[in-house]
Amino acid sequence: MGRLFAVTLEGSIYSCKHCKTHLGLSDDIISRAFHCRHGKAYLFDKVVNVTVGEKEERMMITGMHTVVDIFCVGCGSIVGWKYESAHEKIQKYKEGKFILERFKVLGPDGSMYVLGQEVQIGGSDEDDA
């Protein structure tokens, strides 16, 4: 295995809850109004220290999207997904953007997200409501 070079961020940082690898900055959040099976999810303009999985078509609340899951480079945990393409014109703003699932990352103050009542029972890794 090669040597891991991770980007270190400065500022208000979201990080992997398992290994604390930096993933994104609060300043890069586009929206906090997204949801997934574990509760809240945030749409980021950019993230660091992630690898991507295979492209797949995924039906979400807002329609069909081509996405890739994103994984922490530090520990390999899935932390969210990236929108590769949106099939509906109104959803095109998501293309190239990233979702970090709040349940899977630590907040800027080191806090973990606690599952709340807004969790969709029987829901899936799908986005905004």
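Residues numbered from 1 in each chain as written. Predicted model: local features only at pLDDT ≥ 70, side-chain atom pairs only at ≥ 80, totals over all residues. Heavy atoms only, no water.

What follows deals with the packing of aromatic side chains. Taken as a whole and assessed by the stated rule, the structure comprises three aromatic pairs. Ring centres 5.8 Å apart and planes at 90° place the aromatic pair Tyr-14 and Tyr-42 in the edge-to-face group. Here the residue Tyr-14 occupies a position in strand β1 (residues 13-16), and Tyr-42 occupies one in strand β4 (residues 39-44), the gap between them amounting to 28 residues. Taking the relative accessible area as the measure of exposure, Tyr-14 reaches 5% and is therefore buried. Since its relative accessible area comes to 9%, Tyr-42 is described here as buried. (Phe/Tyr/Trp six-rings, centres within 6.5 Å; stacked < 30°, edge-to-face > 60°. Helix = DSSP H or I, 4+ residues; strand = E, 2+ residues; numbered from the N terminus. Buried < 20%, exposed > 50% of the residue type's maximum accessible area, 1.4 Å probe, protein only.)

Across five bridges, the pairing between strand β6 (residues 56-60) and strand β7 (residues 63-72) is antiparallel. Residue pairing for β7: Met-59 is matched across the bridge by Met-64. Where β6 folds back onto β7 in an antiparallel hairpin, the turn is made up of two residues. (Pairing = 2+ DSSP bridges.)

Our next topic: the sheet that holds strand β10 (residues 105-106). Spatially, β2-β1-β10 is the arrangement adopted by the three strands of the open sheet, whose pairing is antiparallel. The open sheet has two edge strands, β2 (22-25) and β10, and neither has a second partner. Across two bridges, the pairing between β1 and β10 is antiparallel. Across the sheet, residue Cys-16 finds its bridge partner in β10, namely Val-105.

Right, let's get into the state of the cysteines. Should the sulfur atoms of two cysteines be covalently bonded, the bond is a disulfide. Here the structure, examined in full by the defined rule, presents zero disulfides. We note that Cys-72 lacks a disulfide partner, and the nearest cysteine sulfur, in Cys-19, lies 3.5 Å from it. Taking relative accessible area as the criterion, Cys-72 reaches 2% and is therefore assigned buried. (Disulfide = S-S within 2.5 Å.)

Take the environment of Ala-41 next. By the secondary structure assignment, Ala-41 is in strand β4. In the structure, Ala-41 is positioned 57 residues away from Phe-98 in sequence and 9.9 Å away in space, judged by C-alpha atoms.

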